[in-house]
Amino acid sequence: MCLFHITLLNNLKTVTYFYNKKNLFHDPIHNQTINIPNSSIEITIKREDLIHPFISGNKFRKLKYNIQQAKVDQSKSILTFGGAFSNHIAAVAFAGKEQGIDTIGIIRGEELALKKELNPTLQFAKSCGMRLKFISREDYRKKTSHEFLDSLRAEFEGFYLLPEGGTNNLAVKGCEEILQSKDSKFNYICCAVGTGGTISGLINASKDYQKILGFPALKGDFLQEDICKFANQDNWELITDYHFGGYGKIKPELISFINTFYKDHDIPLDPIYTGKMLYGIFDLIRLGYFPLGSKILAIHTGGLQGVAGVNAMLKRKKSPFN
Ligand SMILES: *Cc1c(COP(=O)(O)O)cnc(C)c1O
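Nothing here was measured: the structure is a model prediction, and the numbers come from that model. Residue positions are given per chain, counting from 1 as you read along its sequence in written order. In keeping with the predicted nature of the model, local features appear solely for residues at pLDDT of at least 70, side-chain atom pairs appear and are counted solely at 80 or more, and the whole-chain, interface and lining totals rest on all residues. Just so you know, side-chain values use all the structure's heavy atoms and leave hydrogens and water out.

Caption draft 1: Geometry of the nonpolar core. Side-chain atoms within 4.5 Å are what join buried Ala, Val, Leu, Ile, Met, Phe, Trp, Tyr and Cys residues into a set we call a nonpolar core. Only protein chains enter the calculation, and the probe is 1.4 Å; a residue is then buried if its accessible area is under 20% of its type maximum, exposed if over 50%, and partly exposed in between. Phe215, Ile281, Phe290 and Ile296 are the most contacted members of the largest nonpolar core, which totals 34 residues. Secondary structure counts use DSSP, requiring at least four H or I residues in a row for a helix and at least two E residues in a row for a strand, with both numbered from the N terminus. Broken down by secondary-structure element, the contributors of at least two residues to this core are β2 (42-46), β7 (188-193), β8 (211-216), α9 (252-265), α10 (274-286), β10 (295-299) and α11 (306-316). Aside from chain neighbours lying at most four places away, what touches Phe290 is Ile41, Tyr188, Leu213, Ile281, Leu284, Ile285 and Ile296. Residue contacts follow a heavy-atom distance rule, with two residues in contact if any of their heavy atoms lie within 4.5 Å.

Caption draft 2: Highlighting the sheet that holds β10. When DSSP finds two or more bridges between two strands, those strands count as paired. Spatial ordering of the open sheet is given by β1-β2-β10-β7-β8-β9, a layout of six strands whose pairing is mixed. The open sheet terminates on both sides in strands that have one partner only, identified here as β1 (31-34) and β9 (236-238). Each adjacent strand pair in this sheet contributes to an overall mean axis angle of 25 degrees, direction not counted. Pairing geometry for β7 and β8, over six bridges, is parallel. Between N-to-C directions, angles cover 0 to 180 degrees, with each direction set by a line fitted to C-alpha atoms, over the stretch in contact for helices.

Caption draft 3: Focus on the packing of helix α1 (residues 58-72) against helix α2 (residues 87-99). Two numbers describe how α1 lies on α2: the axes approach to 10 Å, and their chain directions differ by 45 degrees. Considered as vectors, α1 and α2 are oriented oblique to each other. In the packing of α1 onto α2, the handedness of the crossing is right-handed. Contacts from Lys59, Leu63, Ile67 and Lys71 of α1 reach α2 at Asn87, His88, Ala91, Val92, Ala95 and Gln99. If an angle is under 35 degrees, it is roughly parallel; if it is over 145, roughly antiparallel; if it lies from 65 to 115, roughly perpendicular; otherwise it is oblique. Working rule for handedness: look at the near helix, and if it is turned counterclockwise from the far one by less than a right angle, call the crossing left-handed; if clockwise, right-handed.

Caption draft 4: Representation of the site of the ligand within the structure. We call a residue near a molecule or strand whenever a single non-hydrogen atom of that residue lies within 4 Å of it. Surveying the vicinity of the ligand reveals 16 residues, the closest of which are Lys59, Lys62, Asn87, Thr195 and Thr301. Nitrogen and oxygen atoms within 3.5 Å of one another constitute a polar contact, given that in protein one can donate a hydrogen and the other can accept it, and given that sequence-neighbouring residues count only through two side-chain atoms. Backbone polar atom of Gly194 to an oxygen atom of the ligand: 2.7 Å apart, as the coordinates give it. One of the side-chain nitrogen or oxygen atoms of Thr195 is found 2.6 Å away from an oxygen atom of the ligand. Calculation on the ligand without its partners gives an accessible area of 390 Å², and the protein chains cover 98% of this total. When residues of the shell around the ligand are traced back to their parent elements, those giving at least two are α1, β7 and α7 (197-205). Tallying contributions element by element places α1 first for the shell around the ligand, with three residues. Residue ranges for the domains originate in an automatic or database domain assignment. Two domains share the shell around the ligand, each providing at least three of its residues, namely domain 1 (11-54 + 178-316) and domain 2 (59-166). The Shrake-Rupley method, run with a 1.4 Å probe, gives the accessible areas here. Residue values count only the displayed protein chains as cover.

Caption draft 5: Summary view of the sheet that holds strand β6 (residues 159-161). In space, the four strands of this open sheet follow the order β5-β4-β3-β6, with parallel pairing throughout. Each end of this open sheet is capped by a strand with a single partner; those strands are β5 (131-135) and β6. Adjacent strand axes in the sheet meet at a mean angle of 25 degrees when their direction is disregarded. Here strand β3 (residues 77-82) runs beside strand β4 (residues 102-108); their pairing, made up of six bridges, is parallel. When the sheet's bridge partners are listed, Leu79 is paired in β4 with Ile104.

Caption draft 6: Inspection of the pattern of salt bridges at higher detail. A carboxyl oxygen of Asp or Glu within 4 Å of a side-chain nitrogen of Lys or Arg is what we treat as a salt bridge. Within this structure, the stated rule accounts for 14 salt bridges. Between Lys211 and Glu237 there is a salt bridge, with the nearest N and O atoms lying 2.7 Å from each other. A residue pair is termed long-range when its members are at least 10 positions apart, and Lys211 in strand β8 and Glu237 in strand β9 qualify at 26 residues. For Lys211, a relative accessible area of 28% gives the class partly exposed.

Caption draft 7: Broad picture of helix α5 (residues 146-155). Inspection of α5 places Phe148, Leu149 and Leu152 among the buried residues, and these make up the whole buried set. Here the buried residues of α5 occupy an arc of 95 degrees about the axis, which is enough to place them on one side. Structural note: α5 exposes His146, Glu147 and Ala154 on the side pointing more than 90 degrees away from its buried face. At its buried positions, α5 is contacted by β3, β4, β5, α4 (137-141) and β6. Along the arc lie the directions from the helix axis toward the C-beta atoms.

Caption draft 8: Representation of the pairing of β5. In the sheet, β4 pairs with β5 via five bridges, with the strands oriented parallel. Looking at β5, one finds that Arg108 is bridged to Ile135. A right-handed crossover is one whose linking path, passing over the helix from the first strand to the second, runs clockwise when the strands point away from the viewer. Regarding the hand of the β-α-β motif, the stretch spanning β4, helix α3 (residues 120-127) and β5 is right-handed.

Caption draft 9: Structural view of a positive patch on the surface. Candidate patch residues must exceed 30% relative accessible area and have no salt bridge, after which like charges are joined if within 9 Å and Val, Leu, Ile, Met, Phe, Trp or Tyr side chains if within 5 Å. Here the positive residues are Lys and Arg and the negative ones are Asp and Glu; neither His nor the chain ends is included. The atoms used to mark charge sites are NZ of Lys, CZ of Arg, CG of Asp and CD of Glu. Among the surface-exposed residues, Lys115, Lys219, Lys249, Lys251, Arg316 and Lys317 lie close enough to one another that they form a single positively charged patch. Turning to its location among the elements, Lys249 is positioned in the loop between β9 and α9. Given the relative accessible area of 37%, Lys249 is considered partly exposed.

Caption draft 10: Layout of the environment of Asp264. Along the chain, Asp264 turns up in helix α9. Overall, the relative accessible area of 53% leaves Asp264 in the exposed class. For the pair formed by Asp264 and Ile34, sequence separation is 230 residues and the distance between their alpha carbons is 9.2 Å.

Caption draft 11: Geometry of the side chain of Thr80. Within the secondary structure, Thr80 is located in strand β3. A polar side-chain atom of Thr80 sits 3.3 Å from the main-chain carbonyl oxygen of Pro163. Not counting chain neighbours up to four residues away, the residues in contact with Thr80 comprise His88, Ile89, Val92, Ile104, Gly105, Ile106, Leu162 and Pro163.

Shown next, in the form of structure tokens:
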């Protein structure tokens, strides 16, 4: 593969972020309509990625009410779970630092503890004061079991528990605030899906004439059920053809799409979530999925903090793709 591909967004321009320390959950997010030549279909990107370089997009939304609740509960800390490149881990670490709450990250992969250097995501989390505990993949699978949580409670007492990806009722409530009244003109609302919290919030906040399309970043049928737990309307659908082989899996055509999209529209995408969603939207337009004149709102859920880590990993592996 040619090396060009692994230059994935290495030359990002300086951008202005809308983060505001006093008001951790700032709300000036703008919609940016992009021009698609020779098409009657309009795509508008909601730039939630512009909240902050590290706690961007939906992770911010998902934390808002959870942090408030952790404060009300007078929890000693917030404990949560994530993989090595997790946007959620980075967001919790930063928000905890800003809001004066200790944070504990339970990280998948015990081998990471032996590495000489942490990857940029974990370095960032650590620099925010997050305590990191590395566990085996086998233990990680038990992360919702009572026994495992009890053992964590014995080790770190008095924490506020946030599930992997931060998805719970309060997270969904926060994600309901992504949509604003001006967004009622769109026919379609699209987002990337990981654990389903974000799409659930969008569904609950949508008008019944709008259709919510979720693009899962991973394989598996469990999402449908998870979303049903939180969603209170049925105007949604999962488009399962654009996971590119599974969570964190990357293919050359995805990376060239992301690089071209950045060149054409000046909007950086990440290869884990938002790149796959927009690739999917463009492909569906090509296939004639959307009626002429459709107005699509695509939520840029952020995630750009992970790009540096993915680039470093691709470089280390020498062969850029798996
Ligand atoms: C976590 C994440 C998602 C997935 O959100 P869920 O609520 O878990 O479905 C989508 N996009 C980005 C950039 C993310 O970091």
